[in-house]
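# Coordinate inspection notes
If you want the building blocks of each chain, they are given just below.
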Amino acid sequence: MKLCSTVAAMRAACRAVRGQGKRLGFVPTMGALHEGHLSLVRAAKARCDAVAVSIFVNPTQFGPKEDLAKYPRPFERDHELLEQEGVELLFAPPVEEMYPAGAVTYVTVEGLSEKLCGRSRPGHFRGVTTVVAKLFHIIEPDAAFFGQKDAAQATIIRRMVRDLNLPVEIVVCPIVREPDGLAMSSRNAYLDAQQRKSALVLSRSLKEVQNLFDRGERKASRLIEAGKQVFAQEPSVRLDYFEIVDPDTLEAISEVHGPALVAVAGFVGNTRLIDNIVLQG
Ligand code: AMP
């Protein structure tokens, strides 16, 4: 695996790979890799001839009071995991390389960026779309792989790619969960044993919504109410939002008669976790 820490080196390495006629797959990450990330790498390996991964804890997607400074950065371990997966190229730039002093240009997907996590994390999606657009320009991948775990992010990236005519296929891969249902996340490392148990309320609430839906309920307000009731049984977890939205527009829907994204976010202590399911209406 070739490790690049400058834009110029990564651009040259990616061009060399594509120059050999290889289809290049790309997996953007913030590191602290787990099976969720590795599932994206494996999907990329299966669909492409070479795979590039980025590890970059992107400051512009963190709010001023969020966990940028303490976000886990186990670089040696991540490097080893990616080597084991047979990744060809790893891009791990320092912040100054991605954001030269005085950088003031952003990419914003208007409207969508203020929905779901965008409402409670102002500027978050602007940071995500800006860094992903920059990474796409540096790496020029044929396909890029994202997790359904961050469902709104996937929707917003898809819209950015469409609106800006970026020549990259976006592939969204299923959520990888722990055996007890908790969606894997780098932030799960912040949880102590008690919080780890409490965190199960997210997946449990979604399961309750799925069960009610399977029994025939189609009214979003009733489905949301059922999910929120599950939350009420776990007072140590503070609900941020529980919404049922159209997966393409992220607009709230009142009746489920097509694919519907049920998205939840909550604070377990200071740790903000998210999860979702898609109902097939
Ligand atoms: P992050 O490092 O948190 O920015 O995530 C990098 C990519 O991995 C994003 O596309 C995430 O959606 C994806 N991802 C994170 N957790 C999971 C998971 N549990 N299952 C599938 N994909 C995931």
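The structure we're discussing is the one just above.
In this text the structure is predicted, and so the values were computed from the model without any measurement. (Residues numbered from 1 in each chain as written. Predicted model: local features only at pLDDT ≥ 70, side-chain atom pairs only at ≥ 80, totals over all residues. Heavy atoms only, no water.)

Inspection of the entire model under this criterion finds 5 aromatic pairs. Ring geometry for Phe231 against Phe242: centres 6.4 Å apart, planes inclined by 85°, an arrangement best described as edge-to-face. Of this pair, Phe231 sits in helix H10 (residues 220–232) while Phe242 sits in strand S7 (residues 237–245), and the two are 11 residues apart along the sequence. The same class applies to Phe231 as to Phe242, namely buried. (Phe/Tyr/Trp six-rings, centres within 6.5 Å; stacked < 30°, edge-to-face > 60°. Helix = DSSP H or I, 4+ residues; strand = E, 2+ residues; numbered from the N terminus. Buried < 20%, exposed > 50% of the residue type's maximum accessible area, 1.4 Å probe, protein only.)

Here Leu40 is to be found in helix H2 (residues 35–47). Under the relative-accessibility criterion, Leu40 is labelled buried at 7%. Separated by 18 residues in the primary sequence, Leu40 and Asn58 have C-alpha atoms spaced 19 Å apart. Those residues within four positions of Leu40 in sequence are excluded, and the remaining contacts are Val27, Phe145, Phe146, Gly147 and Cys173. (Contact = heavy atoms within 4.5 Å.)

This part covers the sheet that holds strand S4 (residues 89–91). Taking strand neighbours across the sheet as the criterion, the 6 strands line up as S1-S4-S3-S2-S5-S6 in an open arrangement whose pairing is parallel. A strand with exactly one partner marks an edge of an open sheet, and here the two such strands are strand S1 (2–4) and strand S6 (169–173). Averaged over all neighbouring strand pairs, the angle between strand axes comes to 25°, with direction disregarded. In the sheet, S1 pairs with S4 via 3 bridges, with the strands oriented parallel. Within S4, the position partnered with Lys2 by the bridge is Leu89. The sheet contacts of helix H1 (residues 7–19) involve S1, strand S2 (24–29), strand S3 (50–55) and S4, and relative to S4 the element is tilted by about 155°. (Pairing = 2+ DSSP bridges. Axes fitted to C-alpha atoms, helices over the stretch in contact; angles between N-to-C directions.)

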